[in-house]
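Working through the structure, step by step
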Amino acid sequence: MARPLLWLVLLCASSLMSFAARAAGLRLALTHVDAKANLSVEERMHRRLASMAGGVAAPLHWAGNQYIAEYLIGNPPQKAEAVVAIGSDLFWTQCSSCSPVCFKQDLPVYDPSMSSTYRPVACTDAACAMSLTGGETQCSVKGTECSVLGTYGGGVAAGDLAVEEFTFGEEVVSLAFGCIAASTLKATSLEGSSGVFGLGRGALSVVSQLAAGDTTTTRFSYCLGPYFHGAAVNQSHLFVGASATALTGAATAVTTVPFVTNPKDEPYTTYYYLPLVGITVGKTRLDGVPATAFELREVTPGKWAGTMIDSAYPFMSLVDVAHQALKAELAAQLGASLVPPPEKVSKRLELCVARGEVATVVPPLVLHFGGGGGGDVVVPPENYWAPVDEVTACMLVFSAAQPNAKLPMSETTVIGNFMQQNMYLLYDLGNGVLSFQTADCSSM
């Protein structure tokens, strides 16, 4: 939860600059990691499936499924890139003091000594006492500067909490960030980017900092272009703050769903949980799947399972009782259209049809949301089926109870980024709701 008074203290020296950024908001182009490589549709699919081999971890392990944003840091500006993570609070980049105990990145490492606007956060600053989801802030060993530690599924990142000037397109804003001096993350974890752009619910996330207590601008949105359609990976977009607004003039309806209240145990305080209550396949609602299978619940002391939406995890991970029901219903509806899965691609593929028949034989899914104000979100076939080789397309919804899965993720449903393609999603933290709207993301 944001703590506005602390951020007023932290950002007072740059209040005019921050106000300008809040007034205009940020707009960033997002690049999927596969756009960096010259890969065919099939090769991109194989890469995504291989990245899931280790299962789903909490905090979520990105494993090469990211969208990356470019920005400038410091004055004079230095180029940097960051993985966009809505399940993480901290905004951080590797710093020059990191070598040689950090992962390799594509761009030169940011050097704070070359910037006139870099300011470390002192131990005496109120911000140093703030809790950080998935990590912590505390006084450094030197006793003067504030240290920060971020914990992720693929390792940890540690350094100093500081304030710096960032440029996103034409907007310039001062933000608190982690200047990372040591990391156990592998280079493949962030696909050569410089760090993480955190959009979680905590006070250190970019969306909370830009709002600085103004609930009318505590929001962000994104639109993810499809990455299995054609030779190129389509462009995607991220909007933060005042620029994140509902689409105007769009022909498609808006479905608004309330967020579920987060538990107080970390790291579950920062995730975006949704009140999923059921699923319909075509015109048939899945039988034998109680709404309780999707609801937020404590499965072991301090560990929570439920239904979350994430921008970094690729495909839908569905709690097993629902996955089994989905698989059975689709098999019944598809009948003779089913073809054997190509095992050379992945042994996890279960239901497949001829590649050219997806649009004509595969039914849409309908996600039913409750929470006293939920609605229905229609998922077209191309958002949960995709080509896996030259002749075959398969369902890309997997059981959460896979062999390597552990609690709580083995009981958690995750709506991944593939299912979100060509949808405009508006996260309105001030009003506690998420809006879905079909859109052509590549043309925005």
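Labelled according to an unreviewed UniProt entry, the chain appears under the name Peptidase A1 domain-containing protein, originating from Digitaria exilis. For the chain, the Sequence similarities (unreviewed entry) comment in UniProt is given as "Belongs to the peptidase A1 family."

Before going further, it helps to spend a moment on the sheet that holds strand 21 (residues 352-354). On the basis of which strands lie adjacent, the open sheet formed by 4 strands has the order 20-21-25-24 and antiparallel pairing. In this open sheet, the two edge strands, each paired with only one partner strand, are strand 20 (338-339) and strand 24 (385-387). With 2 bridges joining them, strand 20 and strand 21 adopt antiparallel strand pairing. Bridging from a neighbouring strand, leucine 338 pairs with valine 353 of strand 21. Set on the sheet, helix 5 (residues 320-334) makes contact with strand 20, strand 21, strand 24 and strand 25 (392-395); between it and strand 25 the angle comes to about 140°.

Looking now at the state of the cysteines. The tally for this structure, following the rule as stated, stands at 5 disulfides. Sulfur-sulfur distance for the disulfide between cysteine 98 and cysteine 102 comes to 1.4 Å. Of the residues examined, cysteine 98 reaches a relative accessible area of 2% and is grouped as buried. Bridging cysteine 223 to cysteine 441, the disulfide has an S-S length of 2.0 Å. Taking the sign of the S-S torsion, about -70° here, the bridge from cysteine 223 to cysteine 441 comes out left-handed.

Turning next to the sheet that holds strand 14 (residues 276-281). Pairing is antiparallel in the open sheet, where 4 strands are placed in the order 15-14-22-23. At either end of the open sheet lies a strand with only one pairing partner, and these are strand 15 (284-285) and strand 23 (376-379). When strand 14 meets strand 22 (residues 365-369), the two strands line up antiparallel, connected through 5 bridges. Paired with valine 281 across the bridge in strand 22 is leucine 365. Contacts from helix 5 reach strand 14, strand 15 and strand 22, with the element oriented near 15° to strand 14.

All right, on to the pattern of salt bridges then. Counted by the stated rule, this structure contains 2 salt bridges. Between arginine 297 and glutamate 411 there is a salt bridge; the shortest N-O distance is 3.4 Å. Taken together, the positions of arginine 297 in strand 16 (residues 297-300) and glutamate 411 in the loop between strand 26 (397-399) and strand 27 (413-415) put the pair 114 residues apart, joining distant regions of the chain. Residues lysine 327 and glutamate 350 are paired through a salt bridge, measuring 3.0 Å at the closest nitrogen-oxygen approach. Separated by 23 residues along the polypeptide, lysine 327 in helix 5 and glutamate 350 in the loop between strand 20 and strand 21 bring together distant segments of the chain. A relative accessible area of 32% places glutamate 350 in the partly exposed class.

The next point concerns the pairing of strand 12 (residues 236-240). Counting buried positions along strand 12 yields 5 of 5 residues, so the element is predominantly enclosed. Because side chains alternate across strand 12, one face comprises the buried residues Ser236, Leu238 and Val240, and the other comprises His237 and Phe239, equally buried. The pairing of strand 1 (residues 26-32) with strand 12 spans 5 bridges and is classified as antiparallel. By the bridge assignment for strand 12, leucine 28 is matched with leucine 238.

On to helix 5. Spanning 15 residues, helix 5 covers 21 Å between terminal C-alpha atoms, matching the ideal 21 Å at 1.5 Å per step. When we look at burial in helix 5, the residues that qualify are Ala322, His323, Ala325, Leu326, Leu330 and Leu334. Looking straight down helix 5, one finds that the buried residues subtend no more than 165° of arc, so they occupy a single side. Looking one or two residues beyond helix 5, the residue adopting positive phi is glycine 335, at roughly 50°.

Mapped onto the fold, lysine 344 is located in the loop between strand 20 and strand 21. Residues lysine 344 and aspartate 389, 45 residues apart in the sequence, show an inter-C-alpha distance of 9.8 Å.

Time to look at the environment of serine 243. Within the secondary structure, serine 243 is located in the loop between strand 12 and strand 13 (255-258). Distance from serine 243 to threonine 217, taken between C-alpha atoms, is 8.6 Å for residues 26 residues apart in sequence. A distance of 2.6 Å separates the side chain of serine 243 from the backbone oxygen of leucine 26, its partner in a polar contact.

To continue, consider the packing of aromatic side chains. Counted by the stated rule, this structure contains 26 aromatic pairs. Cluster of aromatic residues (ring-pair linked, three or more members): Tyr71, Phe91, Tyr110, Tyr118, Phe166, Phe168, Phe177 and Phe197. The aromatic ring of phenylalanine 259 is capped on one face by arginine 201, whose charged end is 4.8 Å from the ring centroid. Directly above the aromatic system of phenylalanine 398 lies the positively charged group of arginine 348, at a separation of 4.5 Å from the ring centroid.

Below, the discussion takes up the side chain of aspartate 89. Mapping aspartate 89 onto the fold places it in the loop between strand 3 (78-85) and strand 4 (92-94). Although buried, aspartate 89 forms no salt bridge, and the nearest oppositely charged side chain, arginine 201, lies 8.3 Å from it. Looking at aspartate 89, its side chain comes within polar contact range of the side chain of threonine 270, at 2.4 Å.

Thresholds applied
- Residues numbered from 1 in each chain as written.
- Predicted model: local features only at pLDDT ≥ 70, side-chain atom pairs only at ≥ 80, totals over all residues.
- Heavy atoms only, no water.
- UniProt positions renumbered as here; feature names shortened; annotations may be inferred.
- Pairing = 2+ DSSP bridges.
- Helix = DSSP H or I, 4+ residues; strand = E, 2+ residues; numbered from the N terminus.
- Contact = heavy atoms within 4.5 Å.
- Axes fitted to C-alpha atoms, helices over the stretch in contact; angles between N-to-C directions.
- Disulfide = S-S within 2.5 Å.
- Buried < 20%, exposed > 50% of the residue type's maximum accessible area, 1.4 Å probe, protein only.
- Salt bridge = Lys/Arg side-chain N within 4 Å of Asp/Glu carboxyl O.
- Expected span 1.5 Å × (residues − 1).
- Arc of directions from axis to C-beta.
- Polar contact = N/O pair within 3.5 Å; in protein donor to acceptor, adjacent residues only side chain to side chain.
- Phe/Tyr/Trp six-rings, centres within 6.5 Å; stacked < 30°, edge-to-face > 60°.
- Lys NZ or Arg CZ within 6 Å of the ring centre and 35° of its normal.
- Lys, Arg positive; Asp, Glu negative; His and termini not counted.

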